[in-house]
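For reference, the chains in residue letters:
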Amino acid sequence: MNLVSQCVSALGCGSHYEFGIEDLCLAKFRLDMHELGERHWCSWEDTVELYGRLTNCTNLVAFKLGCFWPNKLVDDFFIRVHKHYFQDCSLSGRLLKDPPNRILGPFIVVPILVTLLMTGLVVWRSKRSEGIV
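Fair warning: this is a prediction, and the values are worked out from it, not measured in the lab.

Draft legend 1. Looking closely at the state of the cysteines. Following the criterion strictly, the structure yields 2 disulfides and no others. Here Cys25 engages in a disulfide with Cys57; their sulfurs sit 2.0 Å apart. Taking the sign of the S-S torsion, -80° for the link of Cys25 and Cys57, the bridge is left-handed. One end of the pair, Cys25, is in helix α2 (residues 15–36); the other, Cys57, is in helix α3 (residues 44–65), and 32 residues separate them in sequence. By relative accessible area, which is 16% here, Cys57 ends up buried. Between the sulfur of Cys42 and that of Cys89 lies a disulfide, 1.9 Å long from S to S. Its S-S torsion of about -85° marks the bond between Cys42 and Cys89 as left-handed, since a negative value means left-handed. You can see Cys42 sitting in the loop between α2 and α3 and its partner Cys89 sitting in the loop between α4 (72–85) and α5 (101–130), a full 47 residues away along the chain. A relative accessible area of 13% places Cys42 in the buried class.

Draft legend 2. Examining the confidence of the model for the protein chain more closely. Averaged over all residues, the pLDDT of the protein chain equals 82, while 83% of them reach at least 70. Below pLDDT 50 for its whole length, residues 1–12 participates in 13 contacts with residues either more than four positions away or in separate chains.

Draft legend 3. Fine view of the packing of aromatic side chains. Scanning all chains against the criterion turns up 7 aromatic pairs. An angle of 70° between the planes, with centres 6.1 Å apart, marks the rings of Tyr51 and Phe86 as edge-to-face. In this pair, Tyr51 is assigned in helix α3 and Phe86 in the loop between α4 and α5, connecting sequence segments 35 residues apart. In this pair, the class of Tyr51 matches that of Phe86, namely buried. Cluster of aromatic residues (ring-pair linked, three or more members): Phe29, Trp41, Trp44, Tyr51, Phe77, Phe78, Tyr85 and Phe86.

Draft legend 4. Inspection of the pattern of salt bridges at higher detail. Counted according to the given criterion, the structure contains 6 salt bridges. A salt bridge links Asp32 to Arg53; the nearest nitrogen and oxygen atoms lie 3.6 Å apart. Of the two residues, Asp32 is situated in helix α2 and Arg53 in helix α3; the sequence distance between them amounts to 21 residues. Relative accessible area serves as the criterion here: at 11%, Asp32 is assigned to the buried category. Its relative accessible area of 38% is what places Arg53 among the partly exposed residues. The network of salt bridges with common partners includes Lys28, Asp32, Glu49 and Arg53.

Rules used in this analysis
Residues numbered from 1 in each chain as written. Predicted model: local features only at pLDDT ≥ 70, side-chain atom pairs only at ≥ 80, totals over all residues. Heavy atoms only, no water. Disulfide = S-S within 2.5 Å. Helix = DSSP H or I, 4+ residues; strand = E, 2+ residues; numbered from the N terminus. Buried < 20%, exposed > 50% of the residue type's maximum accessible area, 1.4 Å probe, protein only. pLDDT = per-residue confidence, 0-100. Contact = heavy atoms within 4.5 Å. Phe/Tyr/Trp six-rings, centres within 6.5 Å; stacked < 30°, edge-to-face > 60°. Salt bridge = Lys/Arg side-chain N within 4 Å of Asp/Glu carboxyl O.

Written out as structure tokens, the structure reads:
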């Protein structure tokens, strides 16, 4: 890491900073996220540490290069990271999915049965009242 810091220090800001965070920070984050598995990408509990390391890495590279942090390059970098890894995640951090059928079923069946029952009751009541004046 010390050799990397010295190399990055000598490069300067701008595109060199972008190269630094892509090669040093994003490469490690990609490996970590691959190890974690795509199923867990939307779990904040599982990704918070990895995301924190990525953030700290971009800050460290900026410090070593004498760049301000955060900056436009970092903002663009994190937008790309979010579009790739967290695009399908909800704001709560949990992946949205349909509830199980045992929960969803009653919400579908009960209104249908009530509609049929009420229709039958109306028809039965209307036939019964025809003979009574």
